[in-house]
Structure formats: C-alpha cells, structure tokens
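# Inside the fold
Given next are the chains, with one letter for each unit.
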Amino acid sequence: MATEEAKAHLKEHGWVIIPDVIPKELALEALDGLWRAKKAAEDDGMPSHIPHLDPNSNNVRIFNLMERDQVFRDLVCHPIGVEMVKSVFGENFLISNLSANIARPGAASMSLHSDQSFSFPEPWQGIWVMNVFWCLTDVTKGNGATLYIPGSNKWSTRADIPSNAPELLVPFEAKAGDIIVMDGRLWHTSGSNVTKDQDRAMLFGYYTYPMMRPIVNWTAKLSKELQDSFSPELRQWLALDIYGNVPILGDMRYMSDQFPNINVKEDKV
Ligand SMILES: O=C(O)CCC(=O)C(=O)O
C-alpha cells in the first residue's frame, strides 16, 4: 500500500519516489522483456530511434508494450501505481500509453516538457495526466536520470517557463524496483548518459483522467484474443468497452430531487 505521506508529497510537489515497489529480480525480468520487445518491434518494422524525440539513437524507445509481455501488463496495473493514480483522479482513469526508454551511454536530453502540455491545451488548471515511471535499473545523474524542475507542477502556461529553465533541473535518482510518480504538469526531460557502460532503463505508464482520449487506440492496436483475456477492470482502464468516456462529474439526480422545495406546475395539454 502507498503511504499517505507519499500521496501528500505527490499532491504538493507534483512527484514522489516510492522505493522497493518490486524486487530487483522482477525489474531485471522486465528489462529482459524490454530487449525482447525491441526486437519484436524491429521485426514489425518499428524504429527504436525517434528523431523528433531524441537527438541520437542511444535513447532506445520501445512502444506498444501492452501487447508484448505479461510483465508489462502486470506493472501498469500494479496496485501501488494504481493507488497513486487514483489518489489524484479518483476511481476512474484510463491507461493512455505504456512505453520505455533505455538511455544507453551517449544518450542526450530530449525537449524540456510536461506530459500534460503535449496533450492538453493551456492553461493547465487541473491534473489530467499522471505518469508512473518504473526504474528497471538503478538511475543516477550520470546514467541519464530524468531531470525535473522543482515547483514546475504549479506552472499553468508556457509563459511561466523561466528563460534559465535548464539551470533549474535536478535529477530523480532512484534504485531498480522503485517507482517515480509524476503529476503530468511537472516539467522534465531525459538526462544525458555520460557513463561508459551503464544502461538506464525506465518503463513509463501514462494515465489520464477518463475524459481524455488515450494516446493509443487500444481497440485498434491489441488483438481481439488479447482483449478478450483481460479482466473487466483492465478493459475499462483501456476503454475497450462501449462507453469509453463515462460522465462522472455531473449531478444526475432527477430535478425533483435536486430542487425538492420547488413545486413545478405541469402545463396542461
Ligand atoms: O527518459 C526519460 O528520462 C524521460 C522520458 C520522457 O519524459 C518522455 O518520454 O516523455
């Protein structure tokens, strides 16, 4: 179970690191799965270097992990990650994407961004995006830890980004098996891997408030056989059923219950 302190830290600072969520052996198993997924993606003709994201191919990007291995489906549904997401969104949310970045020696920073700014127009007055980053290796400043700007979860428009933003970046250092939970408004970038021989691998679960259309159209992407194997809960989190966007904010009581003291006269027909 996640602690109340972790939830309060996330709410105030826009991030929290929760240590030892999974054993290191499982992190290693997921890392092996990532390399298998990279090979499978290449066999499907999908590149692992995305030039508009990363300056060079030492950042290895792997997408569509929901379909690749049970270990990834287990991690994106992990009770502690889900509990943290629910602590912000409430009971309803969607899984929007599940991808990974292995920063190999020589990897360099992508853009400074907040994940919410990619998919939601400003002003960002609420939290509509959440990330759970799974550390599959130890993550250090030297091997390319994600860099973030403290306090940037309070910025609501691009005009709030100071001109010296890169000088304000600090690394999220963590161990294999830890998770870093981030509010989608926190501005961050990938760090440079300046080591000679250490890979830094992270898996990214991207969750949204249920009004947002997922980045991946899971209905189109995942095989019918795989979809049919999912629990009702996972089907709901992937918006696989008929209603992807269930209204949850309104007051749907009958008007007579909403305004019990008002006697509305019915017109005679
Ligand atoms: O690899 C990282 O450290 C961060 C990646 C990231 O922020 C992204 O892909 O949006």
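Residues numbered from 1 in each chain as written. Predicted model: local features only at pLDDT ≥ 70, side-chain atom pairs only at ≥ 80, totals over all residues.

In the nomenclature of an unreviewed UniProt entry, the protein chain is known as Phytanoyl-CoA dioxygenase of Stachybotrys chlorohalonatus.

### Quick look at the overall build of the protein chain
What the protein chain contains, in helices and strands, is nine helices and nine strands. Each principal axis of the C-alpha distribution contributes one length, and for the protein chain these read about 85 × 50 × 35 Å. Expressed as a percentage of its 269 residues, the buried residues of the protein chain come to 38%. Looking at the protein chain alone, contacts between residues at least 24 apart form 84% of all its contacts between residues at least 6 apart. (Helix = DSSP H or I, 4+ residues; strand = E, 2+ residues; numbered from the N terminus. Buried ≥ 20, exposed ≤ 12 C-beta atoms within 10 Å, placed from the backbone. Contact = placed C-beta atoms within 7 Å.)

### Topic: the environment of H52
Counting through the fold element by element, H52 comes out in the loop between helix 2 (24-43) and strand 2 (59-62). H52 gets classed as exposed once you count the C-beta atoms within 10 Å, which come to 6. Remark: the alpha-carbon pair of H52 and M110, spanning 58 residues in sequence, is separated by 8.7 Å.

### Here's the deal with the site of the ligand
The full set of residues close to the ligand is N101, A103, D115, T146, H188, S190 and M202. Here the residues of the shell around the ligand are counted per class, giving two nonpolar, four polar and one charged. (Near = placed C-beta within 6 Å. Nonpolar A, V, L, I, M, F, W, Y, C, P; charged D, E, K, R; others polar.)

### Comments concerning the sheet that holds strand 6 (residues 170-171)
In space, the three strands of this open sheet follow the order 6-5-8, with antiparallel pairing throughout. Every other strand in the sheet has two partners, leaving strand 6 and strand 8 (188-189) as the edge strands with one partner each. In this structure, strand 5 (residues 147-148) lies alongside strand 6, joined through two bridges in antiparallel fashion. Counted as the bridge partner of L147 is P171 from strand 6. (Pairing = 2+ DSSP bridges.)

### Re the sheet that holds strand 3 (residues 94-103)
Spatially, six strands are ordered 1-7-4-9-3-2 in an open sheet, and the strand pairing comes out antiparallel. Looking at the sheet topology across the chains shown, the edges are occupied by strand 1 (15-18) and strand 2. The mean inter-strand angle of the sheet, taken between neighbouring strand axes irrespective of direction, is 20 degrees. Bridging between strand 4 (residues 129-135) and strand 9 (residues 200-208) involves seven bridges; their strand directions are antiparallel. Residue pairing in the sheet places C135 in a bridge with M202 of strand 9. Its contacts with the sheet place helix 1 (residues 4-13) against strand 1 and strand 7 (179-183), and it is angled at close to 150 degrees to strand 1. (Axes fitted to C-alpha atoms, helices over the stretch in contact; angles between N-to-C directions.)

### Things to note about the environment of I50
Tracing the sequence through the fold places I50 in the loop between helix 2 and strand 2. With 14 C-beta atoms packed within 10 Å, I50 lands in the partly exposed category. Separated by 97 residues in sequence, I50 and L147 place their C-alpha atoms 20 Å apart.

### Thoughts on unusual backbone geometry
For the bond from E122 to P123, the omega torsion is 5 degrees, close enough to zero to count as cis. Along the chain, the position of P123 falls in the loop between helix 5 (115-119) and strand 4. The backbone of N64 sits at a positive phi, close to 55 degrees, despite the residue not being glycine. Mapped onto the elements of the fold, N64 is located in the loop between strand 2 and helix 3 (70-76). Looking at N64, the number of C-beta atoms within 10 Å reads 19, which means it is partly exposed. You will see that A239, though not glycine, has its phi angle at about 55 degrees, which is positive.

### Description of helix 4 (residues 79-89)
Within helix 4, burial applies to G81, M84, V85 and V88. Axial view of helix 4: buried residues confined to an arc of 95 degrees, hence all on one face. Residues of helix 4 that are buried sit in contact with helix 1, strand 4, strand 7 and strand 9. (Arc of directions from axis to C-beta.)

### Some thoughts on the nonpolar core
Judged by nonpolar contacts, the single largest core of 64 residues is most densely connected at L34, W134, C135, L136, V181 and M202. If we ignore the near neighbours within four places in the chain, the residues touching M202 are A100, N101, F133, W134, C135, L136 and V139. (Core = buried A, V, L, I, M, F, W, Y, C linked by C-beta atoms within 7 Å.)

### Some remarks on helix 2
Its 20 residues give helix 2 an end-to-end C-alpha distance of 29 Å, which sits within 8% of 28 Å, the value for a rise of 1.5 Å per residue. The secondary structure elements touched by the buried residues of helix 2 are strand 2, helix 3, strand 3, strand 4 and strand 9. Backbone geometry just downstream of helix 2 places G45 in the positive-phi region, at approximately 80 degrees. (Expected span 1.5 Å × (residues − 1).)

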